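Coordinates in review
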Amino acid sequence: DTEVTQTPKHLVMGMTNKKSLKCEQHMGHRAMYWYKQKAKKPPELMFVYSYEKLSINESVPSRFSPECPNSSLLNLHLHALQPEDSALYLCASSHPSPGTGGYTFGSGTRLTVV
Amino acid sequence: AQSVTQLDSQVPVFEEAPVELRCNYSSSVSVYLFWYVQYPNQGLQLLLKYLSGSTLVESINGFEAEFNKSQTSFHLRKPSVHISDTAEYFCAVSAPSGGYQKVTFGIGTKLQVIP
C-alpha cells in the first residue's frame, strides 16, 4: 500500500459545528503531517507528529486540534472555525529521514466554512 | 536554514514544445531535493527526487531534473509537453529534523500547456 487516504474529500461546515478530518497510511511511515493550502499558494505546515507524538505546532489556533491515535492514523478536529479557514487540508506521511524519500500526500479535504 | 526560489510563477508553453521550470535552493546541511506536481483539486504527488548519486534524475512520464551543486539549482525539464502536463509544480528541499522531515516548498510554478 503506497497511499495516504483522506476523508472526507469535501466538507461544508457552519461556524458552530464540530467536525473531524481523517488520514490513514499503511506504509510504515513514522512521521505524519497536516498542511493547509490556500488557492495558488504552496502548502503551509500546521502540525507534525513523529512516532505518534506531537513534534511541531506552527502556532495554529486552538480551534484546530490534532490527534494521532496510532502509527497509521491522524485526525484533525475542527471546532468554531472561521470563513478564512476555508482551504484544502492535506495530510502527508514520510520516513523520518529525507534520505529514504520525500512525502506521500493524500488527495486532501476541501473545507468550506459558511 | 534552507530556502527555495522558483523564478517563474507561470509558464505558458505550446503542446509538444520543450519546457524548463527553474528552481534554486539554499541549504546549510545535506541536500535532498524534490519536485512535486499538483493537478487541479488534488493533493501533491512526488514527481522526482535527488537524494544522492547521479545528478540527473528522471520521472516515468518524461520529466527530468539535474542537480547542479555549483549553481545551487534543480531545474525541471521536459523535451515535449502534453496537455495533461498542465498543473502546478512545486520544488522542495528537505532536511532531517529530529524524527521528521523539515520541508521548504517554493511558491510553485503553474505550467499552462496551450493546444
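Now for a quick tour of the structure.

Here is what the cut-offs are and how they apply
For every chain, the first residue of the written sequence is number 1, and numbering continues from 1 onward in sequence order. Working convention: letters from A go to chains and numbers from 1 go to ligands, in the order in which they are written. Note on the predicted model: pLDDT of at least 70 is required for a residue's local features to be given, and 80 or more for side-chain atom pairs to be given and counted; whole-chain, interface and lining totals, by contrast, use all residues. Excluding hydrogens and water, the side-chain figures rest on all heavy atoms present in the structure. Numbering of helices and strands runs from the N terminus, with a helix taken as a DSSP run of H or I at least four residues long and a strand as a DSSP run of E at least two residues long. As defined in this context, the radius of gyration uses C-alpha atoms, and a globule is described by 2.2 Å times the residue total to the power 0.38. Accessibility here uses a 1.4 Å probe with only protein chains present; expressed as a share of the type maximum, an area under 20% marks a residue as buried, one over 50% as exposed, and anything in between as partly exposed. Should any heavy atoms of two residues lie within 4.5 Å, those residues are considered in contact. Put simply, buried area is the surface a 1.4 Å probe can reach on two separate parts but cannot reach once they are joined, added for both. By definition, a salt bridge exists where a carboxyl oxygen of Asp or Glu is found within 4 Å of a side-chain nitrogen of Lys or Arg. Each polar contact in these results corresponds to two N or O atoms within 3.5 Å; when the atoms are within protein, one needs to be able to donate a hydrogen and the other to accept it, and residues that are neighboring in sequence are counted only if both atoms are side-chain atoms.

A closer look at the overall build of chain B
From N to C terminus, chain B includes 0 helices and 12 strands. What you see in chain B, going N to C, is helices and strands ordered as β-β-β-β-β-β-β-β-β-β-β-β. Scaling as 2.2 N^0.38, a compact globule of 115 residues should have a C-alpha radius of gyration of about 13 Å, and chain B matches this with 14 Å. By principal-axis analysis of the C-alpha atoms, chain B measures approximately 45 × 30 × 25 Å. Across the 115 residues that make up chain B, the buried fraction comes to 47%. For chain B, contacts bridging at least 24 residues in sequence account for 56% of all contacts bridging at least 6.

Side note on the environment of Pro115(B)
Residues and elements named next belong to chain B. You can see Pro-115 is positioned in the segment after strand 12 (109–114). C-alpha of Pro-115 to C-alpha of Asn-24: the two residues are 91 residues apart in sequence and 29 Å apart in space. Look past the residues within four positions of Pro-115 in its chain and what remains in contact with it is Phe-14, Glu-15 and Ile-83.

Thoughts on the interface of chain A and chain B
Taken together, the contacts link 28 residues of chain A with 23 residues of chain B. Together chain A and chain B conceal approximately 1800 Å² of surface at their shared face, both sides included; 61% is due to carbon and sulfur atoms. When residues of chain A are sorted by the area they lose upon contact with chain B, Pro98(A), Tyr103(A) and Phe105(A) head the list and together hold 30% of the total. Seen at the junction of chain A and chain B, the total is 0 salt bridges. Scanning the region where chain A abuts chain B turns up 10 residue pairs in polar contact (both at pLDDT 80 or more). Listing elements by their share of the side of chain A that touches chain B, those giving two or more residues are strand 4 (31–37), strand 5 (44–50), strand 6 (53–57) and strand 9 (87–94) of chain A.

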